[in-house]
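The chain contents come next:
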Amino acid sequence: MLAATIAVLVPVALAATWSARLTRLERDVEVIDQAGSIAATAGAYLNEYLNGLDSLASALTRHPGVMALDPAQCRPLFAGVLRGQPLILNILVTDTSGKIEGSALDARPGDEVSPLALGYVTAVVKSGKPAVSELMTGRVSGRPTVVLAYPVRNGADAIVGVLAFGLNVASLQTLFNDVPLPEGSVVTLFDSAGRVLARSRDAERYIGKVAEANPSAPRDVPRAQKLRGLDGVERFYGNAALDRGPWLLSVGIPTSVAADRVAPIYRRDWYTAYFAFSAVILLTLWLSESLTRGLNRVRFAVQRIADGDLSPPAPTRLPNRELDQLYAAFTTMAASLRDTHGALDHRIEQERKMREALQSLQRQVVRQERLAAVGVLVSGVAHELNNPLQAILGTAELLERHSNMSEEELEEIGFIKTQSGRAREIIRNLSRFSSQQGGPPTPVDLRDVVAEVVQLRRRGLESASIALELDLPETRPVQVNFTEIEQVTLNFVINAQQAIEASGHIKGRIRIRVFDTGRRVCLEVADDGPGVKAEDEPKLFQPFFTTKPVGQGTGLGLSVSYGIIESYSGNIGHRPNEWGGATFYFELPVSDSAKSPAAPAGRAKSV
Ligand code: ADP
């Protein structure tokens, strides 16, 4: 971010510097141009003034008194003219040898002009044209002056004298007062030798001094230049050459003027740059801050996923579209990971249940094996016990037939017979149960099946305080394997007991009913337990479906029963009953060999 800021700011700073420099150069050129045009204007002023003097001189040289070089006429004439010309120190007229013949200021006729001034007299006499003197001190006025000299001719056009205007160079600068100049500017008039003739500032101090920087002839001096002036101030100079003299008129504007003009622009640019910089930096900080915040949110979302929390992250607004898309991608990733996780959990749970069911099945198989072994043992023992029991019964019957038996003895023998008969019945049941291998179907009376099951479950039901009701009218036999149908019925009764116990009833009831429906014979077991839940109904007859705790239910009872009843083309099912519990039933086709159904009169019995 810092690098990006520098990358933006450095070119901006370079461009600002370049623009500032260009602006400064433009202002310099503008000031130089201004100096040049002022120089031209000031030159025009001076020329105009000198032309005026030329006209004045022309008029004066044609005056008879001047042409006659008559001091008496010249003096009042010159004095009158001088009063109207504040920039002229003195007006005088000499003869061709330089003797003063007439003067506006006091001078004795016959005085000579200074030897220095003789130069311009000689030049005028020789050339017959006006001439300009060097800078010198006026012979009469005693002040620095430049003399403008004009030839005076007589009626025969011969030069008889020279008319001279002594210019007050110290006051010449008043000519430039009307020229609009910036503060610190100076207008200087140089003669051909580079000496100061007139200066708009501190004229007395600099008049006569040579500007060493301008040694060349006025015409050769460049039109514009940058110099340090006589007063040590650096200025832009605009120069204009005047044919008169020849002189050089120079207008100097301090370089500080250009700097002053540039200052407000610089200030404005600086403020603009300052605000632009501040805006860029603030924008950069804001962008970087919001980007960091957005990245942190994405990081937290990723960290949550990495920590295993796959719940959907809270929806959030991010500063730009790319981060938004990244966040959405992580959210989608979390969702699909969550789904996969859920599917895996489900699978693991299923496998766990399967494993438990297998283990339970394994235990059941072991138990069955053990039961089978016990069955074999029981069948052997039953067989062995049967013979002595038959002998006891037979002997008891023989004893009964003896005529000399008292009433009390007969009662004792009857008791022996009853108990032996009961023992024989138990042994028969045991041997039938122990020989529980599927065998060929035989005609079976369902009431016998019920009796067998009751025999097996009676004690268990009693101890659980469950009342057993039996409704067993005579029915036609069904062609089945006795043991298999006994297993189905036993399973119904065990399930009914477990359902009642699970419901927490202190006293429960179970009703076993058989009845003939015409083409089929039906057996049903009803209980007053909690009934079957609606969501469990579709799964009841599936293998391994159980709602009982591990170790208690295998989920095989009903599925095995279903298989058995189906194998006899029967029908198995359940329905709710009037007690609020469940009634499980099966129907079996009547055996072909069976007779027509017995009278429907039933009998109900409670155990
Ligand atoms: P298990 O008895 O080992 O659970 P079953 O196949 O015999 O296996 O029974 C399957 C499920 O049917 C039971 O777990 C139970 O939820 C339901 N069930 C069976 N008989 C009854 C009943 N009389 N009342 C209520 N639910 C029953």
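Further up the page is the structure itself.
Residues numbered from 1 in each chain as written. Predicted model: local features only at pLDDT ≥ 70, side-chain atom pairs only at ≥ 80, totals over all residues. Heavy atoms only, no water.

What to know about the overall build of the protein chain
- Tallying secondary structure elements over the protein chain gives eleven helices and 18 strands in all.
- Counting the 607 residues in the protein chain, one finds 37% classified as buried.
- For the protein chain, the centre of its 65 positive side-chain charges and the centre of its 67 negative side-chain charges are spaced 7 Å apart. (Helix = DSSP H or I, 4+ residues; strand = E, 2+ residues; numbered from the N terminus. Buried < 20%, exposed > 50% of the residue type's maximum accessible area, 1.4 Å probe, protein only. Lys, Arg positive; Asp, Glu negative; His and termini not counted. Charge placed at Lys NZ, Arg CZ, Asp CG, Glu CD.)

Some words on the pattern of salt bridges
- Counted according to the given criterion, the structure contains 20 salt bridges.
- Between E587 and R520 there is a salt bridge, with the nearest N and O atoms lying 3.6 Å from each other. Of the two residues, E587 is situated in strand 17 (residues 582-589) and R520 in strand 15 (residues 520-527); the sequence distance between them amounts to 67 residues.
- Take R520: its relative accessible area is 27%, and that puts it in the partly exposed class.
- In this structure, E524 and R575 form a salt bridge, with 2.5 Å as the shortest nitrogen-oxygen distance. Taken together, the positions of E524 in strand 15 and R575 in strand 16 (residues 571-576) put the pair 51 residues apart, joining distant regions of the chain.
- One network of salt bridges, with partners in common, ties together R27, E30 and R261. (Salt bridge = Lys/Arg side-chain N within 4 Å of Asp/Glu carboxyl O.)

Points about the sheet that holds strand 2 (residues 100-103)
- With antiparallel pairing, the five strands of this open sheet are ordered in space as 2-1-5-4-3. The sheet is open, and its two borders are formed by strand 2 and strand 3 (131-137), each paired with just one other strand. Direction aside, the axes of adjacent strands within the sheet are offset by 25° on average.
- Bridge count between strand 1 (residues 88-95) and strand 2: three bridges; the pairing is antiparallel. By the bridge assignment, L92 is partnered in strand 2 with S103. (Pairing = 2+ DSSP bridges. Axes fitted to C-alpha atoms, helices over the stretch in contact; angles between N-to-C directions.)

Here's the deal with the packing of helix 9 (residues 446-463) against helix 10 (residues 482-503)
- With their axes 9 Å apart at the nearest point, helix 9 and helix 10 run at an angle of 40° to one another. The pairing of helix 9 with helix 10 is recorded here as oblique in orientation. The element helix 9 and its partner helix 10 pack so that their crossing is right-handed. Contact with helix 9, carried on its side by L446, D448, V449, E452, V453, L456, R457, G460 and L461, involves F482, I485, E486, T489, L490, V493, I494 and Q497 of helix 10 and no other residues of that element.
- Per-class residue counts for the contact of helix 9 with helix 10 are ten nonpolar, three polar and four charged. (Parallel < 35°, antiparallel > 145°, perpendicular 65-115°, else oblique. Left-handed = near helix turned anticlockwise from the far one by under 90°. Contact = heavy atoms within 4.5 Å. Nonpolar A, V, L, I, M, F, W, Y, C, P; charged D, E, K, R; others polar.)

Observations concerning the site of the ligand
- Near the ligand, the surroundings consist of 20 residues, among which T546, T547, K548, T554 and L558 are the closest.
- Here T546 contributes a side-chain N or O atom positioned 2.7 Å from an oxygen atom of the ligand.
- The backbone of L558 places a nitrogen or oxygen atom 2.8 Å from an oxygen atom of the ligand.
- Contact with the protein chains removes 94% of the 530 Å² of surface that the ligand exposes when unbound.
- Looking at the shell around the ligand, the elements with two or more residues in it are helix 10, helix 11 (557-567) and strand 17.
- Residue contributions to the shell around the ligand peak at four residues, all from helix 10.
- In terms of residue class, the shell around the ligand is made up of nine nonpolar, nine polar and two charged. (Near = heavy atom within 4 Å. Polar contact = N/O pair within 3.5 Å; in protein donor to acceptor, adjacent residues only side chain to side chain. Areas by Shrake-Rupley, 256 points an atom, 1.4 Å probe, with all protein chains shown as cover.)

Remarks on unusual backbone geometry
- Notably, S465 is not glycine yet its phi reads approximately 55°, a positive angle.
- By relative accessible area, S465 is classed as partly exposed at 38%.
- The residue S569 is not glycine, and still its phi comes out positive at about 55°.

Overview of the layout of surface pockets
- Here the second largest pocket is characterised by a volume of approximately 590 Å³.
- Around the second largest pocket, the lining is made up of 22 residues, and of these K353, M354, F544, F545 and T546 lie nearest the centre.
- A class-by-class count of the residues in the lining of the second largest pocket yields six nonpolar, nine polar and seven charged. (1 Å grid on protein atoms, 1.4 Å probe; cavity = no way out; pocket = protein on both sides within 12 Å on 5 of 7 lines; lining within 4 Å. Points joined across faces, edges and corners; volume = space filled by probe spheres on them.)

Side note on the nonpolar core
- Of all hydrophobic cores here, the largest spans 56 residues; its most connected members are I91, L163, F165 and W247.
- Among the elements that line this core, the one with the most residues is helix 1 (residues 2-61), at eleven residues.
- Leaving out residues up to four positions away in the same chain, F165 has contacts with L53, L56, A57, L60, I88, N90, I91, V146, V147, L148 and Y150. (Core = buried A, V, L, I, M, F, W, Y, C linked by side-chain atoms within 4.5 Å.)

A few points about the pairing of strand 15
- In terms of burial, strand 15 is a largely internal element, seven of the eight residues being buried.
- With seven bridges connecting them, strand 14 (residues 508-516) and strand 15 associate as antiparallel partners. Each residue of the ladder has a partner; that of F515, found in strand 15, is C522.
- Pairing geometry for strand 15 and strand 17, over seven bridges, is antiparallel. Along strand 17, the bridge assignment pairs V521 with L588.

Considering the packing of helix 10 against helix 11
- Put simply, helix 10 and helix 11 touch, their axes get as near as 10 Å, and they point 145° apart. You can see that helix 10 and helix 11 cross each other, and the crossing is left-handed. For the pair formed by helix 10 and helix 11, the contact residues are E484, I485, Q487, V488, N491, F492 and N495 on the first element and G557, L558, V560, S561, I564 and I565 on the second.
- For the contact of helix 10 with helix 11, the class distribution of residues is seven nonpolar, five polar and one charged.

As for the pairing of strand 9 (residues 234-242)
- Most of strand 9 sits inside the fold, with seven of its nine residues counted as buried.
- Bridge count for strand 8 (residues 224-228) against strand 9 is five bridges, and the pairing is antiparallel. Each residue of the ladder has a partner; that of K226, found in strand 9, is F236.
- Between the antiparallel neighbours strand 8 and strand 9 lie five residues, among them G232 with a positive phi of about 85°.
- Relative to strand 10 (residues 247-254), strand 9 runs antiparallel, the two sharing eight bridges. Looking across to strand 10, one finds that A240 is bridged to L249.

So, to be careful, I would describe these as geometric facts and stop short of saying anything about function.
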